[in-house]
Amino acid sequence: MRRPRGELGPRAPRPTEGAICAGPGEPWSPSPNSMLRVLLSAQASSARLSGLLLLPPVQPYCLGPNKWGDRPPGGALHAGPVQGLQRLLEQARSPGELLRWLGQNPTKVRAHHYPVALRRLGQLLGSQPRPPPVEQATLQDLSQLIIRNCPSFDIHTIHVCLHLAVLLGFPSDGPLVCALEQEQRFRLPPKPPPPLQPVLRGGLRLEAALSCPRFQRHPQHHLIRSLAEARPEELTPHVMVLLAQHLARHRLREPQLLEAIAHFLVAQEAQLNSKVVQKLVLPFGRLNYLPLEEQFMPCLERILAREAGVAPLATVNILMSLCQLRCLPFRALHFVFSPGFISHISGTPHAPIVRRYLSLLDTAVELELPGYRGPRLPRRQQVPIFPQPLITDRARCNHKDIVAEGLRQLLGEEKYRQDLTVPPGYCTDFLLCVSSSGAVLPVRTQDPFLPYPPRSCPYTTRDPAQRVVLMLRERWHFCRDGRVLLGSRALRERHLGLMGYQLLPLPFEELESQRGLSQLKSYLRQKLQALGLRWGPEGG
């Protein structure tokens, strides 16, 4: 006889009233009580539910051999009704169908099926712009099934169910979360963890999401943006550091979140040390964003004054971020350029990187702070700042090779230099020497370097040659989803301009629109001619 649809084996008896579950196609009445009204709103739940997509599928072998009779004596899983039910749960097309598979097959349900069901519920509600409607009784009945069976769960299954329930937005004081937490406490060592403040639950959930390796590789930007609504006192320093690192790593210039970090830094100033502050300040310099928070700079100056001698590397890292923002405090510069500080860091393992950063800070003082009258970095301590192309440019597929070939065919190899490092240590993409009349000159006949420090009164008896630097602006040189240069790129262009080099940016959008070398040569010709440059027989 043909087996009725929806059954995995012999027909199970109809569930009792406590487990209100109907078979496929059978009507059932919604309960008037709802545990998760927030889940019925797609706009409110999308950020929470996106965290469920970060979790890998739940595997039945997590529960151990023969825990529920799922493994034969040989140890291998067989493709029986238990495994069949898991596949049906993973392929459920609606929350109602998900619940019916659990309720109609009670003899086939095992502990590991409940995390599978919760995860599938999160996918159904969070993976679509407009989730399917969910009857309140569906959520209530699913939670009741888990509550009724959780005493038989092992600690791993309880932990996974609790984590998924929190991500789904089940109330922290609701029956499901309370029952799972109670079962978890029964299985933990006698010493209980300190009680969590209810206000910190959102921060702990965020910390778990940001710490997930899969999340770091594939950022869920809408989940991150939802944090902008949190108050500083609701979050911990560790969570804010994770957020700051995430913004910096993925070049996310989100003003709301950056302002939230700035406000947190100001509000928690007394509790933060410089090693934490350096991580909180990092995205501001990298993303070239000066916050509107009025106390941001005064707060950092107080922290630097308090802890500059405690953590030298953290102090210099903070100043590097402020250097990119053109907000260097004179008092901190006095300290890091003092003979005592320089002598102190000379014998430490991080001396090479600190000397490089101090060299850049000294360059910023020379070019951007004419009013500074304090100590400077001694010449014998100075090192090239960025003597090579950055690692990201070498590792990525950029336009440098094809631009070099275009310049070679257009000008000739003797009329440009590639990857030339100019004092005090900035690596240029392409450098041209140009006469006062606009003729491109052979580089070998000219000194390609402009004097550093730049002359304040460059009166000479002859017309000096100009130095034109072609700057590749690749896609990864900018903040994501914006047209703002990253802080380090903006700093390099700013300093080269202040030293007297004429900059010719080549934006990635224009380079990507060129189809083939012929079009690229025409594009470069137009760019150079727009500056009044001449070459070839008529250019000398």
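Refer to the structure presented above.
Keep in mind the model is a prediction, meaning the values are calculated, not measured.

Caption draft 1: Summary view of the environment of Leu125. Residue position: Leu125 is located in helix 4 (residues 113-126). Residue Leu125 is classed as buried on the basis of its relative accessible area, which comes to 2%. Here the alpha-carbon distance between Leu125 and Pro95, two residues 30 residues apart in the chain, equals 8.5 Å.

Caption draft 2: Focus on unusual backbone geometry. Look at the link from Pro423 to Pro424: it is a cis peptide, with omega at 5°. Counting through the fold element by element, Pro424 comes out in the loop between strand 2 (421-422) and strand 3 (426-427). Despite not being glycine, Arg251 shows a phi value in the positive range, around 60°. Relative to the assigned elements, Arg251 resides in the loop between helix 11 (237-249) and helix 12 (255-267). What makes Arg251 buried here is its relative accessible area of 11%. Phi is positive for Asn288, which is not a glycine, with a value near 55°. Owing to a relative accessible area of 23%, Asn288 belongs among the partly exposed residues under this scheme.

Caption draft 3: Summary view of the side chain of Asp429. Here Asp429 lies in the loop between strand 3 and strand 4 (430-434). Polar contacts involving the side chain of Asp429 include one to the side chain of Lys400, which spans 3.3 Å. A distance of 2.8 Å separates a polar atom in the side chain of Asp429 from the backbone nitrogen of Leu472.

Rules used in this analysis
- Residues numbered from 1 in each chain as written.
- Predicted model: local features only at pLDDT ≥ 70, side-chain atom pairs only at ≥ 80, totals over all residues.
- Heavy atoms only, no water.
- Helix = DSSP H or I, 4+ residues; strand = E, 2+ residues; numbered from the N terminus.
- Buried < 20%, exposed > 50% of the residue type's maximum accessible area, 1.4 Å probe, protein only.
- Polar contact = N/O pair within 3.5 Å; in protein donor to acceptor, adjacent residues only side chain to side chain.

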